[in-house]
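Breakdown of the fold
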Amino acid sequence: MTTSNDAPAMVLPETRAMTTGGRRPRISFDRILAVLLVLPSIIAIAIFVYGFIGWTLRVSLSQWTRGLIANLAWDGFKRYTE
C-alpha cells in the first residue's frame, strides 16, 4: 500500500539502462560542457608536445646543417650511422 507521502524508489544506473529498452542514454548538457572546456587543452597538448616532437624528428633526419636556411631534404639515419 502506497501513500502520496512515500518517496519514489531510487533507480540504479544499471536498471535505468535496462528500462530504456537498450537505447543509449541522451548526452547531457553537462557532459557537452565538460568536453568543450577540456578540448582546448587537448588541442594545445597535441600541438605543443606531439607536434614539436614530430618536428624535432623531421629536422634530425634531414640534411639541415649549420646556418639559418633550412634544408629539409631527407637524409635518413646517415647522420647517426657515420
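Here the structure is a predicted model, which is why all the values come from computation and not from measurement. (Residues numbered from 1 in each chain as written. Predicted model: local features only at pLDDT ≥ 70, side-chain atom pairs only at ≥ 80, totals over all residues. Heavy atoms only, no water.)

Below, the discussion takes up the pattern of salt bridges. Oppositely charged side chains are able to pair whenever their charged atoms sit close together. A complete count under the given rule lists one salt bridge for this structure. Measuring nitrogen to oxygen at the nearest pair gives 3.9 Å for the salt bridge that ties Lys78 to Asp75. Asp75 sits in the buried class, given a relative accessible area of 15%. (Salt bridge = Lys/Arg side-chain N within 4 Å of Asp/Glu carboxyl O. Buried < 20%, exposed > 50% of the residue type's maximum accessible area, 1.4 Å probe, protein only.)

A few words on the confidence of the model for the chain. Residues of the chain with pLDDT of at least 70 account for 73%, and the chain-wide mean is 80. When pLDDT is averaged over each helix and strand of the chain, the minimum, 57, is found for helix 1 (residues 13–19) and the maximum, 94, for helix 2 (residues 29–60). (pLDDT = per-residue confidence, 0-100. Helix = DSSP H or I, 4+ residues; strand = E, 2+ residues; numbered from the N terminus.)

The next subject is the packing of aromatic side chains. Throughout the structure, instances matching the rule amount to two aromatic pairs. When the centroid spacing of 5.9 Å and the interplanar angle of 45° are considered together, the rings of Phe48 and Phe52 count as tilted. With Phe48 and Phe52 both in helix 2, this residue pair falls four residues apart, about one helical turn. Residue Phe48 is classed as exposed on the basis of its relative accessible area of 54%. Ring centres of Phe77 and Tyr80 lie 6.5 Å apart, and the angle between their planes is 55°; on these two criteria the pair is classed as tilted. (Phe/Tyr/Trp six-rings, centres within 6.5 Å; stacked < 30°, edge-to-face > 60°.)

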